[in-house]
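Read off the chains here:
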Amino acid sequence: MSIEVKDLSFCYNRGTSLVKHAIDNISFSVGKGEFVLIGGEVGCGKSTLARLLTGLLSPRCGSVTIDGKAAGSRKVRSKAGLLMQHPQKQLFGRTVYEDVAFAPSNFGFKGKELDEHVMYALGLVGLDRSVASLSPFALSGGEMRLVSLAGVLAMKPDYLILDEPGSGLDPHNRSMLTRTLGKLHSSGISIVVVSHQLSEMLAFAEKIIILKSGSIGFLGSVREYLRSDTFTLPDITFLMKELNLAGIDIADDIYSVDGAFSEIIRFFGSTEVRPDE
Amino acid sequence: MISIQNVSYSYNGHIPALHSVSVEIYKGEFVAIIGGNGSGKSTLLRHINGLLLPSAGSVTIKGMDTKDISSVFNIRQIAGMVFQDPGSQFIGMTVGEDIAFGPENLGLPPKEIRRRVESSLSAVGMAGYNDHTPGKLSGGQKQKVALASVLAMEPEVILFDEVTSMLDPDSRMDILSLIKQLHENGTTVVYVTHCLDELVHADRLIIMEKGHITHDGDPRLLISRGDVMNSGLGLPPIMELSRRLLNAGFFEPGCFPLSREELRDVLCQLK
Amino acid sequence: MNDLFFSFIPGDSILHRLDPRTKILGLMLASMFILKVSSFTGMSLLVFVFLSLVATCKIPLKHFFRSIRPMLIFFSLIFFMQLFFTEGQVIFQYRIISASHEGLVLGTVLTLRFVFLLLFAVLLTSTTSPSKITAGIERLLRPLPLRYAGISSHDLAMMMSLSLYFVPLLYDSFKVLRDSQLSRGLDVKKSPLRAIFSLSVPLVSTSLRAVEDVSLAMESRCYRGSGRTSVHSIGYGPMDHIAIIIYLFLLFYYIVF
């Protein structure tokens, strides 16, 4: 039970002079219940990969299979949900209920079953059922993002793929979203986050993939990632590495404030170290 | 230079977005306005160049009132604005034409317009992109063109409305250093953001919450005192670490480090 | 999308260097002839003029064929309408459907006229940047007493160029919306009505937002309907004068014959 990506290649504008290889021969897998982060610089093919994973695009070479069936085929269409960039622009229902109900009703659910799907999704993202009757456009930016997420979760996917889920949100709403994703993960949903900013979700991640112009530049655990130099590291890790280089002997594979604080205290001693004394 | 007096504003007559806000912005300042989604920071910014007119109170730039229709043209030439979405502020079909739009409105002769297009393109490091289609540029490049198109009007103040929120970290750094450079060359900068780690270059910080200005002062002081955290914004990891080190007595509030580089230098000195 | 209708191909040929006004007037004159021509010789003369213009501007012929491709359905509709609904000498009959000789001739002429109109228009748009066209239109409209109607020639020209600009923008947001809904299980073939509704609502709201954004950007850059100048210093050169003289002869010919 997993998403298997095998020797996958994809290019835009095939057969013209503008041909652009977006994904170049990559393989990896997303296991059941796994939390995978996919990072990389702008134009490295992250968004293309997200679309390939859900079958919105078809591979030119290789394959993407979800639980053994080709991505995008009828039987697995509801299994992998994709939350695209700027999802608040894609809302359209007159009410939150109507918008969230869109996906399950496309799969033929009606009446009580449909109701159950919508309430399940709203519950998962932590929205009160009282918002169901409101217009999605009357909500705050953070709540709109959660409604969009619920709109994907309402088809009860086993795999949730998110493309830059936090973009445009303020820090408060971002951390709310991160917590929600953590909860979804612990409820057993596999999560793939595609983003150019990985630091916020490192606490949950089990596997990290860094794309480099369409190929896999790095694939490994969080610890291995923090020790590598493949991609922009979290600020705290960067600081620890720099301090280390400057001769301050502290662990450099740390990304949390707590970890960094206790390491620095350990090195300098917890007593008052005033610069001017 | 910019004087905002008791300004209140509400969209469509309900939901007040600004409650009697007063603030003075002086020539040559780099002011960062920070607040969460819906705190009224962008609304305040749009009052400065008269895109929005106050329901009560007044906004004046160099003595000109934004409510005075005859001076709106001058006000917008003095105060240029760069918007959040790099994709939706293009008016021309090529980069050069887009940048020319402002100077064309000013009624300048074609030769002078072309000179300004060239010089503002090179000011943002995009010389030679004259004939490119905006749609085919990256987000960061688009935002640089947007900045160039404002520079072409030779404004004295530039208003930035969350200009980096849709960009990747690298282009963000690019834009920020361009803004710093402009400020050093004498441009007054008003920078609206919800990212605290972007105010390293600012010399004044205004915090907004629910349509009010809650704090106004030196960024280092406001952050080290915890005023920002109390406004529900949450500190970026580096500042959070700095604060905890401050509380542990590592340094004085006056030299509170705001960036990774500053914190590194402070810690290295302690060694 | 950019590659379909109105794509400008930068270059330095005679056609590229002509004043946009000359080219717009030329297109108008060509249209007059196209709408008048019905003989085989006239048609081949138009083909000759078109081909020699294409040869001077160094743009591959393929580009022009690509431009008419999206209109093929429309063209065939015109052709078959004429073919089957014109009364005359029957040349083909199947049950109640009958094609007439007159229909064949009329259909061919009419379709070719549309094809020519489009081809000449593409010739203009591919050798002239949209803003030059706008500047040209604005200058041509300037003598008209538009201000009595409450608009300026700038406003009118601006409207044209903005609507050109919005077409690719709308197409892009349409693609994103379609993808987002396909991934939420939308089946366009099974429920087309539902698809139209669920796609059009956010498309309208995004385009309204885009219009708002652009108008804010225009306002904050001091847009005004009058007193604007243009980055393109358009002015007639020797080639333009030659072209205008040719136009006058052609116009004379058109009126007399």
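All of these numbers come straight from a predicted model, not from anything done at the bench.

About the thresholds
Residues numbered from 1 in each chain as written. Chains lettered and ligands numbered in written order. Predicted model: local features only at pLDDT ≥ 70, side-chain atom pairs only at ≥ 80, totals over all residues. Heavy atoms only, no water. Helix = DSSP H or I, 4+ residues; strand = E, 2+ residues; numbered from the N terminus. Contact = heavy atoms within 4.5 Å. Axes fitted to C-alpha atoms, helices over the stretch in contact; angles between N-to-C directions. Parallel < 35°, antiparallel > 145°, perpendicular 65-115°, else oblique. Left-handed = near helix turned anticlockwise from the far one by under 90°. Nonpolar A, V, L, I, M, F, W, Y, C, P; charged D, E, K, R; others polar. Pairing = 2+ DSSP bridges. Salt bridge = Lys/Arg side-chain N within 4 Å of Asp/Glu carboxyl O. Buried < 20%, exposed > 50% of the residue type's maximum accessible area, 1.4 Å probe, protein only. Buried area = accessible area lost by both parts, 1.4 Å probe. Polar contact = N/O pair within 3.5 Å; in protein donor to acceptor, adjacent residues only side chain to side chain. Phe/Tyr/Trp six-rings, centres within 6.5 Å; stacked < 30°, edge-to-face > 60°. Lys NZ or Arg CZ within 6 Å of the ring centre and 35° of its normal. Domains from an automatic or database assignment.

Q: Can you break down the overall build of chain C residue by residue, with the values?
A: Each helix and strand counted, chain C has 10 helices and 2 strands in total. The order of helices and strands in chain C, counted from the N terminus, is α-α-α-α-α-β-β-α-α-α-α-α. Projected onto its principal axes, the C-alpha positions of chain C cover 60 × 60 × 40 Å. For chain C, long-range pairs separated by at least 24 residues make up 72% of all intrachain contacts whose partners lie at least 6 apart in sequence.

Q: Describe the packing of helix H5 (residues 139-151) of chain B against helix H6 (residues 169-184) of chain B, naming the residues involved and giving the relevant values.
A: Residue and element names in this part refer to chain B. For the pair H5 and H6, interaxial distance at closest approach is 9 Å and the crossing angle is 20°. Our classification of the angle between H5 and H6 gives roughly parallel. For the crossing formed where H5 meets H6, the hand is right-handed. Across from Gly140, Gln143, Lys144, Leu147 and Leu151 in H5, the residues of H6 making contact are Ser171, Asp174, Ile175, Leu178 and Leu182. Of the residues contributing to the contact of H5 with H6, the split by class is 5 nonpolar, 3 polar and 2 charged.

Q: Account for the pairing of strand E4 (residues 61-66) of chain A, naming residues and giving values.
A: Residues and elements named next belong to chain A. In this structure, strand E1 (residues 2-12) lies alongside E4, joined through 5 bridges in antiparallel fashion. Paired with Ile3 across the strands is Ile66, a residue of E4. Note: E4 against strand E5 (residues 69-70), 2 bridges, orientation antiparallel. Residue pairing across strands places Ile66 opposite Lys69, the latter belonging to E5.

Q: Would you mind going over the pattern of salt bridges in detail, with residue names and values included?
A: Summed over the entire model, instances satisfying the criterion amount to 40 salt bridges over all chains. Lys156(A) is the salt-bridge partner of Glu116(A), the closest N and O atoms lying 3.1 Å from each other. With Glu116(A) in helix H3 (residues 111-124) and Lys156(A) in the loop between helix H4 (141-153) and strand E7 (159-163), the pair connects residues that are 40 residues apart, well separated along the chain. Classification of Glu116(A) as partly exposed rests on a relative accessible area of 39%. The exposure class of Lys156(A) is partly exposed, given its relative accessible area of 31%. The closest approach of N and O atoms between Glu261(B) and Arg260(B), which form a salt bridge, is 3.6 Å. Given the relative accessible area of 17%, Arg260(B) is considered buried. One salt-bridge network, held together by shared partners, links Asp235(A), Glu242(A), Arg260(B), Glu261(B), Arg264(B) and Asp265(B).

Q: Quick rundown of the interface of chain A and chain B? Include the residues and the values.
A: Across the boundary between the two partners, chain A contributes 33 residues, which contact 31 residues of chain B. Taken together, both faces of the contact between chain A and chain B bury some 3100 Å²; the carbon and sulfur share is 64%. Across the contact surface, chain A and chain B share 5 salt bridges. As a salt-bridge pair, Asp85(B) and Lys89(A) come within 3.7 Å of each other at their nearest N and O atoms. The tally of links between chain A and chain B comes to 4 residue pairs in polar contact (both at pLDDT 80 or more). Elements with a minimum of two residues in the side of chain A that touches chain B: helix H5 (171-186), helix H7 (235-245) and helix H8 (257-268) of chain A. Among the elements that make up the side of chain A that touches chain B, the one with the highest residue count is H8(A) (8 residues).

Q: Before we move on, can you summarise the sheet that holds strand E6 (residues 79-82) of chain B with the specific residues and values?
A: Residue and element names in this part refer to chain B. Here we have 6 strands laid out as an open sheet, ordered E6-E7-E8-E3-E9-E10, and mixed in their pairing. Of all strands in the sheet, those bounded by a partner on one side alone are E6 and strand E10 (212-217). Pairs of neighbouring strands in the sheet enclose a mean axial angle of 15°, with direction left out of account. The sheet contact formed by strand E7 (residues 157-161) and strand E8 (residues 188-193) spans 5 bridges and is parallel. Looking at E8, one finds that Ile158 is bridged to Val189.

Q: Tell me about the packing of aromatic side chains, and please be specific about residues and values.
A: Summed over all chains, the structure comprises 19 aromatic pairs over all chains. For the ring pair Phe33(C) and Tyr254(C), a centre distance of 5.3 Å and an interplane angle of 75° mean the geometry is edge-to-face. Highlighted residues: Phe33(C) in helix H2 (residues 20-36) and Tyr254(C) in helix H10 (residues 238-256), separated in sequence by 221 residues. Overall, the relative accessible area of 24% leaves Tyr254(C) in the partly exposed class. By the ring-pair criterion, three or more aromatic residues cluster together here, those being Phe267(A), Phe268(A) and Phe250(B). Sitting over the face of the ring of Tyr236(C), Arg21(C) holds its NZ or CZ atom 4.3 Å from the ring centroid. Lying over the aromatic face of Tyr254(C), Lys36(C) brings its terminal NZ or CZ to 4.4 Å of the ring centre.

Q: Explain the domain arrangement of chain B residue by residue, including any values.
A: Residues and elements named next belong to chain B. When cut into domains, chain B gives domain 1 (2-233) and domain 2 (235-271). Relative to domain 2, the C-alpha centre of domain 1 lies at a distance of 30 Å. Facing the 13 residues of domain 1 at the interface are 13 residues of domain 2. Buried area between domain 1 and domain 2, both sides added, is near 1100 Å², and the carbon and sulfur share of it is 70%. Looking at the side of domain 1 facing domain 2, the largest losses of area belong to Arg220, Ile223 and Ser224, adding up to 50% of the total buried there. Taken together, the connections running from domain 1 to domain 2 amount to 1 salt bridge.

Q: If you had to explain the sheet that holds E4(A) to someone new, which residues and values would you point to?
A: All names here are of chain A. Spatially, E2-E1-E4-E5 is the arrangement adopted by the 4 strands of the open sheet, whose pairing is antiparallel. The open sheet terminates on both sides in strands that have one partner only, identified here as strand E2 (20-31) and E5. Relative to E2, E1 is paired through 8 bridges, and the arrangement is antiparallel. Note that in E2 the partner of Ser2 across the bridge is Gly31.

Q: Would you mind going over the interface of chain B and chain C in detail, with residue names and values included?
A: The interface of chain B with chain C comprises 31 residues on the first partner and 24 residues on the second. Both faces combined, the contact of chain B with chain C buries some 2700 Å², and carbon together with sulfur accounts for 58% of it. Together, Ile91(B), Met93(B) and Glu104(B) form the three largest contributors to the area buried by chain B at its contact with chain C, with a combined 22%. Connecting chain B to chain C are 2 salt bridges. A salt bridge links Asp98(B) to Arg221(C); its shortest N-O distance comes to 3.4 Å. On the surface where chain B and chain C come into contact, there are 4 residue pairs in polar contact (both at pLDDT 80 or more).

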